[in-house]
Structures are given as C-alpha cells and as structure tokens.
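Structural description and commentary
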Amino acid sequence: MVTLEDVAKQAGVSLATASRVLNGSTRQVGAALRARVERAADELGYRANIAAQTLARGASNVIGIVVHDLTDPYFAALADGAMRAAEGEGMLVMVGTTHRDPEQEIAYVSTLSAQRVRAVLLVGSRVADPGVTGRLRDELAKYRESGGRVACVGQDLLGVDTVAPANRAGAGALARALAGLGHRRFAVLAGPEHLMTAADRRAGFCEAVEELGLPAPRVVHGPFDRDGGHAAAREVGDATCVFAVNDVMAVGALAAYREGGVRVPEDVSVAGFDDIVTLRDHVPALTTVRLPLKDMGARALELALRESDTPVVEQVEGEVVLRESVRRIS
C-alpha cells in the first residue's frame, strides 16, 4: 500500500508538507510544492487517509451517532446504515451508546458539540418525560446555533429532522393480520411504560384488537430486551398469540417457551416488530413488522447533511411479514 511517506519522498518534500496538501490542512502550501505533491500522489496511486484529514482540518468531517444500545441488532442496523452513508461522503463517525439513560444522551450531545462535530444523529425512542425531552431540546438548540446539524430516528419531539417509524400503524396492521388467521386471545409483551416506541406499538395493537371487537389483550410490562421478553412470556395466561413489541423481546419469549416445553406455534404463536436481519434465520422464523432499518439510518444521515434549517419529518411505514412462528387457528 502506498503511504504518505512514499508520496513525500517521490515529490521531494517533507512529510509535513505532503500531509498539508493531501489531508486538507488549513495551512497554506505554495502552488509549486502543491503541484509536485499532487503529481506524485497521482503517479503512485495514493489514496488519502480520512482520519488524517479529520485531524488536519479539525472535527468538521466527523459525525456523532448516539444510540441506546449497540448490542441490540435494531440499533446496530440503524448505525450501520448511517455509517455506510457517511463513508460515501468521506466522513468519519463516532458512536456513543447511552445504555438507555436519557441523561447520558444529553451529556453526549454536549460533548459532541464541544468537539465541533459536523452533525449529530440521535437514534432511539424518546421517553415520556417532558422535562428530560425539554433539556435535550435545549442542548440541541445550542449546538445548532453554533452551526451544528441534527437528525434523529424516533418520535418527532425535538424540533429537528426526523425519520419516524410508524409504530402505532404497523402494530395495528399486525393485529389485524393475526386476527385474520383466527386468533382471538392475545397478549402483549409491552416493554417499559415510559418508553414511547414501546407504548406506541402496544397502543396500536390494542386499539386494533378493540376495533375488531375482540377481548382486550393481556398486557405485560418489562425491560425492552431479550431478558424482558423471556420473563414476560410466562405471564400471558391463555393467549393463543403473543405480540412482543420488538424482535429481541420476541426471541426471549421463544427461548422461555422452548425451555418450558411450550411448542411454537402449535401451543402458542409469537410475533415481534422490526424484522432484524440477524434474526431471520431463527427457528421458527419470526412473524414481525419489517422496518427498513439500514435505509432509515442512511436517510437520517442525509437529512443531517442538508443545508436547510427547516426541519423535515419523514414517516416510515412498516410491512407485516407472516412467518412460521404464527399458525392459523381453525
């Protein structure tokens, strides 16, 4: 691989001069020297190092992505989509995880602002706490006043460009599809009550069941993760179909049923939400609501890099995908 040192030697200049030319430093280099360095780079096929460019220019080429939990495939897919889009724009990405702590999210925004990153992407659900949301909005406003750009994936509550998954509508569509298979007794593994994504999906599902004239689902709250689904699965009563408000919780439920000798879908059907790619090979294959997660992350990055100061909100519809974890009730 051709290095910057090779280019400097070919051009007959110092390594510092070659770096200033090829890594975009604001320090000026004479036209003759610049031409020699650029010609040497072309002759050798040198490819500039993005990280070195960032150090030379300051942090203007850096995007900060703040997610709730990188071990959750939902957030990993969204971050991957944004990072691939950033790579196409020649930018570096810094990723921080809040472990679902909204105070940590505010702290990340403050830190990224101090580091003068070009844009911040916030990926994850808002919480039902107006005080916390207000303080986050204030922190984002200060960052934007200094020239920073912001986009988020989640609820439209921050006054910034937003990619908003249609959680309520997707869960309602899933409920109607499951009822169409003959199911009448449902349970919802609903996640935390304060998490708005979980609450929207629970509400959309329960509202659709009510509109169909069916008994209200049994609702079981718990953590928004695999262990939460595992624990909640044991409290669903006589439901023939269990809806977990995300795929990771659904996988926890499937594990609990397998351990307890409960057959899926023969004894109970299970559905999730998100259609995480890494879970598509799970047996039995999981019925779910598909969101284009990588595309959503990439779109958030595109919105963050546009020039307009007028916030855009783009709704993303989910698609019901029926698979083997759900059976038809005769």
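The preceding data block contains the structure.
Quick look at the structure, then. (Residues numbered from 1 in each chain as written. Predicted model: local features only at pLDDT ≥ 70, side-chain atom pairs only at ≥ 80, totals over all residues. Heavy atoms only, no water.)

Quick look at the overall build of the protein
- A tally of regular secondary structure across the protein gives 12 helices and 12 strands.
- Along the first, second and third principal axes, the C-alpha atoms of the protein reach 80 × 40 × 30 Å.
- Residues counted as buried form 52% of the 330 residues belonging to the protein.
- Nonlocal contacts in the protein, meaning residues at least 24 apart in sequence, comprise 73% of its contacts between residues at least 6 apart. (Helix = DSSP H or I, 4+ residues; strand = E, 2+ residues; numbered from the N terminus. Buried < 20%, exposed > 50% of the residue type's maximum accessible area, 1.4 Å probe, protein only. Contact = heavy atoms within 4.5 Å.)

Overview of the nonpolar core
- Leu122, Phe205 and Tyr257 are the most contacted members of the largest nonpolar core, which has 92 residues in total.
- Excluding residues that lie within four positions of it along the chain, Phe205 makes contacts with Ala171, Gly172, Leu174, Ala175, Leu178, Phe186, Val188, Pro217 and Phe243.
- Membership of the second largest hydrophobic core comes to 13 residues, among which are Val7, Ala8, Ala11 and Val21. (Core = buried A, V, L, I, M, F, W, Y, C linked by side-chain atoms within 4.5 Å.)

Section: unusual backbone geometry
- A cis geometry characterises the amide bond from Val264 onward to Pro265, with omega recorded as 10 degrees.
- Within the secondary structure, Pro265 is located in the loop between helix 11 (247-259) and strand 9 (269-271).
- Look at Arg100: it is not a glycine, yet its phi comes out positive at around 65 degrees.
- Along the chain, Arg100 falls in the loop between strand 2 (92-97) and helix 6 (102-114).
- For Arg100, a relative accessible area of 29% gives the class partly exposed.
- Its identity as a non-glycine residue notwithstanding, Asp274 has a phi of 125 degrees, on the positive side.

Some words on the pairing of strand 3 (residues 119-123)
- Most of strand 3 is tucked away, with 5 of its 5 residues classed as buried.
- Judged by which residues are buried, strand 3 turns out to be covered on both faces: Ala119, Leu121 and Val123 on one side and Val120 and Leu122 on the other are all buried.
- The pairing of strand 3 with strand 4 (residues 149-153) spans 5 bridges and is classified as parallel. Considered in strand 4, the bridge of Leu121 is made with Ala151.
- The β-α-β motif built from strand 3, the intervening helix 7 (residues 130-145) and the parallel element strand 4 has right-handed crossover chirality. (Pairing = 2+ DSSP bridges. Right-handed = clockwise from strand over helix to strand, strands pointing away.)

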